[in-house]
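One-letter residues, chain by chain:
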Amino acid sequence: MARAVPLLAALAVLLAAAAAGGDAPPGKIAVVGAGIGGSAVAHFLQQHFGPRVQIDVYEKWTVGGRLATISVNKQHYESGAASFHSLSLHMQDFVKLLGLRHRREVVGRSAIFSGEHFVLEETDWYLLNLFRLWWHYGISFLRLQMWVEEVMEKFMRIYKYQAHGYAFSGVEELLYSLGESAFVNMTQRSVTESLLQVGVTQRFIDDVVSAVLRASYGQSAAMPAFAGAMSLAGAQGNLWSVEGGNKLVCSGLLKLTKANVIHATVTSVTLHSTEGKALYQVGYENEVGNSSDLYDIVVIAAPLYLDSNSSNFTFEGFNPPIDDVQGSFQTSIVSLVHGYLNSSYFGFPDPKLFPFASILTTDFPSFFCTLDNICPVNISANFRRKQPQEAAVWRVQSPKPLFRTQLKTLFRSYYSVQTAEWKAHPLYGSRPTLPRFALHDQLFYLNALEWAASSVEVMAVAAKNVALLAYNRWYQDLDKIDQKDLMHKVKTEL
C-alpha cells in the first residue's frame, strides 16, 4: 500500500497538467519570416506537435529570405548565401528529405588581394599550397586549424542535445551547454585576441583571417571570436550547394509542412489572455489593408533591426515590456556583373593568363570584399567555367553600392549589373548582451542565435531549438529546458 502514494502523486500531476490544457496541442502557430529559419522552424514545429496544427508563415518579400537568386541571361545565380559546409547536418537532412541534389562543383583557384598585389595565391597542388602557407606564415595555419576544430567539435554537441529533445531559453545557456564559460567569453573577445593567444601571428591574421571574415561577414578580425571561428570553419573546403538554387530548401520545407504562407508585413505582436492562457494577436499589413489574427504560439524568424527605416515592428501589452531584441545589422551589397574582368588591375595585363576564379581582399581601404566568377544554379554535365578573357558573370560583394568608376576599375566592359542589398549579419559589438529565444511564455525570437554566429546552418540549429523549446514549454516538460551537464545526461540516456 505504501507504494501507491508516489503513484497517486504522479497521477495527480498528470491530472493537473491535463486540467491546464497541457495535453491539448496548440491550435494555431504563427511564424514571422519565410527564410531558412522560418521554413525550418515550421517544419520542426509540425514534426513535434503533429500535422493537425495550423501553421501560418508571414513573409513580406519572397520565400527564401537571404537564400535568393538573380536571373542573368536566362540563367539563375545565387545572390544570397552561396554554399554550405559539409558539417551543416540540418541542411544535409533537409536536402535528403526533400529529394534535392547537391550541385556539381566546378573547381577554381582563389587568391587574396591587398590592393597592390596578391599576398597569397592558391595553386592546383595541395602540397604546394601547404608549403606556401608554411613559408609565409610558419605554423600559424596549423594553429588556426586546431583552434577552429576545437570550437567545432564542441559546437557539434548541439545535434546530440537536440536529438534527445533538449532546448535552451537563451543564447548564453545554449553556448554554456556546449563550451561552458569559454564559449560565452568568445562572444566578448575578438578573433585577433583569441588567435594571438594560441600562437597565430598578427601577419597571418591581417593577410588571411581578415580576408575570410570580410568575405563571410563584411567585418574585421575585431569581431567576436565565436562568430569568427564558425566563419573560418566554413572557409576550410568541403562546401556544397543545392542544384536549382539554395532557396529550394525553404520552399520545399513549407510545401512539405503544408504551411499557410501569408504575404504580408507583420507590424505588431500583442499579448491577450483568455482564461489564464496567453494568446498572441499578430497584426499585419498587406495590399488589402490592416488585419490581425490570434495564435497560441508565435515565432519571430526574422532579424529585428534597430534602425527605424527597416522596422516598424512593436510588442504591445507585455509587462515587463519587450524592448531589447533589436540590433544593428551589417549591410552587404551583392552585385552580379556580366562582363569582362579588368585583369590588369590585379597585375595581369594579358587576361588569358589570369588564373583565379575567386578573389578575397585584406583590410586595406577597399570598395569591395570579394570577387567571384560564379556558376549558375543549374549546372549541366558539359558545363565549363568561362575563361578569364571571356564575358562571365562575376559576383562582387561590397559594403556599399558600386560607383560606375569602381565598376570600370574591376571590369574592362560589362553588359549588365544587377544588385541585391542584404542586412546579412549582425553588426557585432553593437549590443552588450546576448538576447534570449524566449520573449514570453509562447513567444520566441529565433534569430537571437545570430548574435553568437550567423550562417544558414546556425539558423537551422536555432529553428530546432525554438521548436523544442515551444514543445517542452507547452507540455511543461521543464526537465528538457536549460539543463546543466548535458553531456553526462545524454550519455546516460543512450
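As recorded in an unreviewed UniProt entry, the chain goes by the name Prenylcysteine oxidase 1 like, listed as coming from Otolemur garnettii. Under the UniProt heading Sequence similarities (unreviewed entry), the entry covering the chain gives this text: "Belongs to the prenylcysteine oxidase family." The UniProt entry for the chain carries the following text under Cofactor (unreviewed entry): "FAD".

> What exactly am I supposed to notice about the packing of helix α2 (residues 36–49) against helix α13 (residues 456–474) here?
Working note: a packed helix pair is described by the angle between its axes plus the distance between those axes. The contact between α2 and α13 brings their axes to 8 Å, and the two run at 35 degrees. Between α2 and α13 lies a crossing of right-handed hand. Residue-level contacts link I36, G37, A40, V41, F44, L45, Q47, H48 and F49 of α2 to V456, M459, A460, A463, K464, V466, A467, L468, A470, Y471 and W474 of α13. Its residues assigned to classes, the contact of α2 with α13 comprises 16 nonpolar, 3 polar and 1 charged.

> What is the right way to read the sheet that holds strand β21 (residues 443–445) from this model?
Note: strands within a sheet are paired through backbone hydrogen bonds, in either parallel or antiparallel orientation. With mixed pairing, 6 strands are arranged side by side in an open sheet as β9-β2-β1-β13-β21-β20. Among the strands making up the open sheet, the edge pair consists of β9 (260–262) and β20 (438–440). Between one strand axis and the next, the sheet turns through 20 degrees on average, direction left out of account. Pairing of β20 with β21, which is carried by 2 bridges, proceeds in the antiparallel orientation.

> Just to check I follow, could you spell out the side chain of D372 for this structure?
Structurally, the position occupied by D372 is in strand β17 (residues 370–373). In this structure, D372 is buried with no salt-bridge partner, the nearest side chain bearing the opposite charge being R395 at 5.0 Å. Excluding anything up to four places from it in sequence, D372 contacts A357, S358, I359, V393, W394 and R395.

> Can you walk me through the environment of L195 in this structure?
Position of L195 relative to the elements: it lies in helix α8 (residues 191–197). Residue classification places L195 among the buried positions, given a relative accessible area of 0%. Those residues in contact with L195 that lie beyond four places of it in its chain are L144, W147, V200, I205 and V209.

> Sorry, what's going on with the environment of G234 here?
Looking at where G234 falls in the secondary structure, it is placed in helix α10 (residues 225–234). If near-sequence neighbours (up to four positions away) are discounted, G234 is found in contact with H85 and L239.

> Is there a simple way to explain the nonpolar core in this structure?
Taken as a class, soluble globular proteins show a tendency for nonpolar side chains to be buried jointly. Ranked by size, the top nonpolar core spans 123 residues in total, and within it L45, F226, V299, F315 and L443 carry the most contacts. Per-element tally for this core: the top contributor is α13, with 13 residues. Those residues in contact with V299, other than ones at most four positions away along the chain, are A30, V31, V32, V41, L45, F444, L446 and V466. Within the second largest apolar cluster, 21 residues are counted, among which are V337, F348, L371 and W394.

> How do you make sense of the packing of helix α7 (residues 171–186) against α10 when you look at a structure like this?
Viewed as axis vectors pointing N to C, α7 and α10 meet at an angle of 115 degrees, and their least axial separation amounts to 9 Å. Looking at the two axes, α7 sits roughly perpendicular to α10. Facing α7, whose interface residues are L175, F183 and M186, α10 presents A225, F226 and A229. The residue makeup of the contact of α7 with α10, split by class, is 6 nonpolar, no polar and no charged.

Reading the values: the criteria
- Residues numbered from 1 in each chain as written.
- Predicted model: local features only at pLDDT ≥ 70, side-chain atom pairs only at ≥ 80, totals over all residues.
- Heavy atoms only, no water.
- UniProt positions renumbered as here; feature names shortened; annotations may be inferred.
- Axes fitted to C-alpha atoms, helices over the stretch in contact; angles between N-to-C directions.
- Helix = DSSP H or I, 4+ residues; strand = E, 2+ residues; numbered from the N terminus.
- Left-handed = near helix turned anticlockwise from the far one by under 90°.
- Contact = heavy atoms within 4.5 Å.
- Nonpolar A, V, L, I, M, F, W, Y, C, P; charged D, E, K, R; others polar.
- Pairing = 2+ DSSP bridges.
- Buried < 20%, exposed > 50% of the residue type's maximum accessible area, 1.4 Å probe, protein only.
- Lys, Arg positive; Asp, Glu negative; His and termini not counted.
- Salt bridge = Lys/Arg side-chain N within 4 Å of Asp/Glu carboxyl O.
- Core = buried A, V, L, I, M, F, W, Y, C linked by side-chain atoms within 4.5 Å.
- Parallel < 35°, antiparallel > 145°, perpendicular 65-115°, else oblique.

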